[in-house]
Amino acid sequence: MNIYYLGPKGTFSYLACQKYMKQTDVSSTLSPKTNLYEVIKATKHDSNSIAIVPIENSIEGTINLVIDRITEEALYVYDEIHLDIQFALYGRKGATLNQIKHVYSIAPAISQTQHFIHEHQLSYDYVNSTVQGLDLVSDTVGAIAPLGSGESMGLEPLAKHIEDYPHNVTRFLVIGNKAKHVEAATDTILLVTPKQDKPGLLASILNTFTLFKINLSWIESRPQKTELGMYHFYVQAKTPVNDKLRKVITILETLDYQVKLIGSFQNHN
């Protein structure tokens, strides 16, 4: 089985793949891609595959490209992984922090290390992955990358734990192109789409889950891309697909919502 991820080796997506493989003891071939669009597209056309993609960061919030593409490509969620995010500034061996004037990294990494960047008056540019920035290191140029990723390339961390907030966690989803039913599921993700705009759309969704005492761990709105003001709602409920959830779905459909099952899985986090 192929596992597609945002490469190259050493990225946070790669580390999430390693964690997933240890948890599940699966035998897989890791297949890196250069961007998240390619990761999701490859999974859509490969039935003997899954992808591990970032969906939400505790600081940055939801990664919209991923959630939109999962819906548009009709993919399903099989699992989720939580990964602690720790950054380091890498430079050449023997270099000092004061020598570094410019850094490279991906946009989320730059956003999550703004305090450090401004404190040290660093300019910056973006690359496609955190690890790609390591290739650009020079006497005055550093790279912001996952802690532990630069040593294998002969680089050393000039500063560790440079993330703005200590409790920095990214949630990854494991996705594939076939629906799966999990008897012992702990979580279910639904896509709830209103057929028309009317007052109290979100309130009626939330009140229906409250009526059956179903806890929600995540809710996100995204534009339907049909007209201004029309949104989908992604809802992650702490429940399997049982009688209570089926009643919730029936009520929402009666209230003129379209409800689609995105995934039901056992969450080990």
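Note that the structure is a prediction, hence the values are computed from the model and not measured. (Residues numbered from 1 in each chain as written. Predicted model: local features only at pLDDT ≥ 70, side-chain atom pairs only at ≥ 80, totals over all residues. Heavy atoms only, no water.)

Draft legend 1. Seen up close, the packing of helix α2 (residues 36-44) against helix α3 (residues 64-72). Following both chains from N to C, one finds α2 and α3 inclined at 20 degrees, their axes separated by 10 Å at the closest point. Comparing the axis directions of α2 and α3 gives the class roughly parallel. In terms of crossing hand, the pair formed by α2 and α3 is right-handed. Counting all contacts with α2, which are made through L36, Y37, I40 and K41, the residues of α3 involved are L65, V66 and R69. By residue class, the composition of the contact of α2 with α3 is five nonpolar, no polar and two charged. (Axes fitted to C-alpha atoms, helices over the stretch in contact; angles between N-to-C directions. Helix = DSSP H or I, 4+ residues; strand = E, 2+ residues; numbered from the N terminus. Parallel < 35°, antiparallel > 145°, perpendicular 65-115°, else oblique. Left-handed = near helix turned anticlockwise from the far one by under 90°. Contact = heavy atoms within 4.5 Å. Nonpolar A, V, L, I, M, F, W, Y, C, P; charged D, E, K, R; others polar.)

Draft legend 2. Spatial organisation of a nonpolar patch on the surface. The grouping of L202, L206 and I219 at the surface amounts to a nonpolar patch, some 200 Å² of accessible area in total. Within the element layout of this structure, L206 appears in helix α6 (residues 201-211). Among the residues examined, L206 registers a relative accessible area of 31% and is labelled partly exposed. (Patch = residues over 30% accessible without salt bridge, like charges linked within 9 Å, V, L, I, M, F, W, Y side chains within 5 Å. Areas by Shrake-Rupley, 256 points an atom, 1.4 Å probe, with all protein chains shown as cover. Salt bridge = Lys/Arg side-chain N within 4 Å of Asp/Glu carboxyl O. Buried < 20%, exposed > 50% of the residue type's maximum accessible area, 1.4 Å probe, protein only.)

Draft legend 3. A look at the sheet that holds strand β10 (residues 155-160). Strands sit in the order β8-β7-β9-β6-β10 across an open sheet of five strands; the sheet is mixed. Lying at the two open borders of the sheet, with one neighbouring strand each, are β8 (123-126) and β10. Adjacent strand axes in the sheet meet at a mean angle of 35 degrees, parallel and antiparallel pairs treated alike. Direction of pairing for strand β7 (residues 102-105) relative to β8: parallel, over a ladder of four bridges. For V103, the partnering residue across the bridge sits in β8 and is Y124. (Pairing = 2+ DSSP bridges.)

Draft legend 4. Inspection of α2 at higher detail. Among all positions of α2, only L36, V39, I40, A42 and T43 are buried. Projected onto a plane normal to the axis of α2, the buried residues spread over an arc of 160 degrees and lie on a single side. On the buried face of α2, the contacting elements are β1 (2-6), β2 (29-33), β3 (49-57), α3 and β11 (169-176). (Arc of directions from axis to C-beta.)

Draft legend 5. Structural view of the packing of aromatic side chains. The final tally for this structure, using the stated rule, is four aromatic pairs. The interplanar angle of 90 degrees and the centroid separation of 5.2 Å between the aromatic rings of F12 and F87 together place this pair among those described as edge-to-face. In this pair, F12 is assigned in helix α1 (residues 12-24) and F87 in strand β6 (residues 87-92), connecting sequence segments 75 residues apart. No difference in accessibility class separates F12 from F87, as the two residues are buried. (Phe/Tyr/Trp six-rings, centres within 6.5 Å; stacked < 30°, edge-to-face > 60°.)

Draft legend 6. Local environment of the environment of D46. Its location among the elements puts D46 in the loop between α2 and β3. Look at D46 and you get buried, because its relative accessible area is 15%. It is 21 Å that separates the C-alpha atoms of D46 and D25, two residues lying 21 residues apart in sequence. Polar contacts involving the side chain of D46 include one to the side chain of Y4, which spans 2.8 Å. A polar contact of 3.0 Å, which involves the side chain of D46, links it to the backbone nitrogen of N48. (Polar contact = N/O pair within 3.5 Å; in protein donor to acceptor, adjacent residues only side chain to side chain.)

Draft legend 7. A look at the pattern of salt bridges. Scanning the entire structure with this criterion turns up 11 salt bridges. D139 is the salt-bridge partner of R92, the closest N and O atoms lying 2.8 Å from each other. In this pair, R92 sits in strand β6 while D139 sits in the loop between β8 and β9 (141-146), placing the two residues 47 residues apart along the sequence. You can call D139 partly exposed: its relative accessible area is 48%. A salt bridge links D187 to K238; the shortest N-O distance between them is 3.0 Å.

Draft legend 8. Region of interest: α1. In this model, α1 (13 residues) spans 18 Å end to end at C-alpha, consistent with the 18 Å of a helix rising 1.5 Å per residue. Taken together, the buried positions of α1 are occupied by F12, S13, Y14, A16, C17, Y20 and M21. Where α1 terminates, the next one or two residues include D25, which has phi positive at roughly 55 degrees. (Expected span 1.5 Å × (residues − 1).)

By themselves these figures say nothing about function.
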